[in-house]
Amino acid sequence: VTSDTPTDSAALRDYTEGYLGEDEVLTSARRRGTQLGCAAVGAATGATLQFLATVLRAKAVVEIGTGVGVSGLYLLRGMARDGVLTSIDVDPEHQNAAKRAFADAGFGPGRARLIMGRALDVLPRLTDEAYDLLFVDAAKSEYLSYHQQGARLLRPGGVIAFDNVWSGRAAEVARAVREDDRLTPVMWPIGDGLLAAAKVG
Ligand SMILES: C[S@@+](CC[C@H](N)C(=O)[O-])C[C@H]1O[C@@H](n2cnc3c(N)ncnc32)[C@H](O)[C@@H]1O
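These remarks concern the structure in this document. None of the values given here were measured: they were computed from a predicted structure. (Residues numbered from 1 in each chain as written. Predicted model: local features only at pLDDT ≥ 70, side-chain atom pairs only at ≥ 80, totals over all residues. Heavy atoms only, no water.)

### As for the overall build of the chain
As a reminder of what qualifies: The helix count covers DSSP runs of H or I at least four residues long, the strand count covers runs of E at least two residues long, and both are numbered beginning at the N terminus. Here the globule rule reads 2.2 Å times residues to the power 0.38, and the radius of gyration is calculated from C-alpha atoms. Only protein chains enter the calculation, and the probe is 1.4 Å; a residue is then buried if its accessible area is under 20% of its type maximum, exposed if over 50%, and partly exposed in between. Any two residues having at least one pair of non-hydrogen atoms within 4.5 Å are treated as being in contact. Residue exposure ignores everything except the shown protein chains as possible cover, and the areas themselves are Shrake-Rupley values with a 1.4 Å probe.
A tally of regular secondary structure across the chain gives eight helices and seven strands. What you see for the chain is a C-alpha radius of gyration of 16 Å, in line with the 17 Å of a compact globule of 201 residues. Its C-alpha atoms put the chain at 50 × 40 × 30 Å along the principal axes. Buried residues in the chain amount to 49% of all 201 residues. The long-range share in the chain, meaning contacts at least 24 apart out of those at least 6 apart in sequence, stands at 70%. Accessible surface computed for the chain: about 9,800 Å², of which carbon and sulfur atoms make up 53%.

Structural data, given as structure tokens:
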């Protein structure tokens, strides 16, 4: 701790969110999100996703809730160079914005498989234990089902991360994940609560 390090919680939050800063690609994607009414992940959540993708050397990632591509940019930046991000969203306008953000960042079309549809229709079609990392940021009322599908899709040692677990409708997933013997969880005070869990085995 130095004399510059903030100590009250609001200042600490600002310090954490602003620690790394964001480039023009991310800033533009965020701007499009604001125009479309889509709440993208914060910078600290994004940095955590990039960190997880890096340490897992992730080649296969599933994202539930593409939005405008802010979280996807962070994931792609952490993943292996030949990794593929499978990202699901019901909203075509959001996915088009994400496609543009990925292209702006220099990621070729082969790096992102964007699937338009309802998550609970798409997830059952994905292969068991084939994914290194899953990121959940779609319908809060469906988080318990994403948890069940996600645990099936992860390879042993893979990680599932849920955004906004402090918000009312998503809060019950925190209890369900804690009671799931297949998973080793940790909750981080980032954004509206970021819950991550590694698959045992
Ligand atoms: C908070 S936004 C995601 C933001 C994104 N992670 C980002 O950082 O840019 C939530 C997204 O989930 C999508 N969504 C909501 N319900 C869904 C569902 N049942 N299946 C798939 N996508 C859904 C919305 O269309 C929206 O784009």
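After that view, the rundown keeps rolling.
### A look at the site of the ligand
Our working definition: Here a residue counts as near a molecule or strand whenever at least one of its heavy atoms sits within 4 Å of it. Counted as a polar contact is a pair of N or O atoms within 3.5 Å, where, for protein atoms, one must be capable of donating a hydrogen and the other of accepting one, and residues adjacent in sequence contribute only when both atoms are in side chains. Three classes are used, and their members are as follows: Ala, Val, Leu, Ile, Met, Phe, Trp, Tyr, Cys and Pro are nonpolar, Asp, Glu, Lys and Arg are charged, and the others, Gly among them, are polar.
Not every one of the 23 residues close to the ligand is listed here, only the nearest: S71, D89, H94, A119 and D137. In the model, an oxygen atom of the ligand is placed 2.6 Å from a nitrogen or oxygen of the D89 side chain. The contact in question runs from a nitrogen atom of the ligand to an N or O atom on the backbone of A119, over 2.9 Å. Summarising the interface, the protein chains cover 87% of the accessible area of the ligand, which totals 600 Å² for the free molecule. When grouped by side-chain class, the residues that make up the shell around the ligand number 11 nonpolar, seven polar and five charged.

### Some words on helix α3 (residues 43–55)
Quick reminder of the rule: Every helix has an expected span of 1.5 Å times one less than the residues it contains.
Between the first and last C-alpha of α3 there are 18 Å, a value that for 13 residues agrees with the 18 Å anticipated at 1.5 Å per step. Here α3 has its buried residues at A43, A44, T45, G46, A47, T48, L49, L52 and A53. R57 lies just past α3 and shows a positive phi near 50 degrees.

### Quick notes on the packing of α3 against helix α4 (residues 70–78)
The cut-off we apply is this: Orientation is described by lines fitted to C-alpha atoms, with helices fitted over the stretch in contact, and by angles between N-to-C directions that extend from 0 to 180 degrees. Roughly parallel refers to an angle under 35 degrees, roughly antiparallel to one over 145, roughly perpendicular to one between 65 and 115, and oblique to any angle outside these ranges. A clockwise turn of the near helix away from the far one marks a right-handed crossing, whereas an anticlockwise turn of less than a right angle marks a left-handed crossing.
One way to put it is that α3 packs onto α4 with a least axis distance of 7 Å and a crossing angle of 30 degrees. In terms of their interaxial angle, α3 and α4 are classed as roughly parallel. In this structure, the crossing between α3 and α4 has a hand that is right-handed. Judged by residue contacts, A43, G46, A47, L49, Q50, A53 and T54 of α3 engage S71, Y74, L75, R77 and G78 from α4. Classifying every residue of the contact of α3 with α4 gives six nonpolar, five polar and one charged.

### A closer look at the pattern of salt bridges
Going by this rule: What makes a salt bridge here is a side-chain nitrogen of Lys or Arg within 4 Å of a carboxyl oxygen of Asp or Glu, nothing more.
Tallied over the full model, the rule gives 11 salt bridges. Here E24 ties to R31 by a salt bridge, and the two come within 3.8 Å at their closest N and O atoms. Since its relative accessible area comes to 52%, E24 is described here as exposed. Overall, the relative accessible area of 44% leaves R31 in the partly exposed class. Residue R152 is joined to D128 by a salt bridge in which the shortest nitrogen-to-oxygen separation is 2.4 Å. Placement of R152 in helix α7 (residues 143–153) and of D128 in the loop between α6 (119–122) and β4 (131–136) is noted, with a sequence separation of 24 residues between them. For R152, a relative accessible area of 23% gives the class partly exposed.

Keep in mind these values describe shape, not function.
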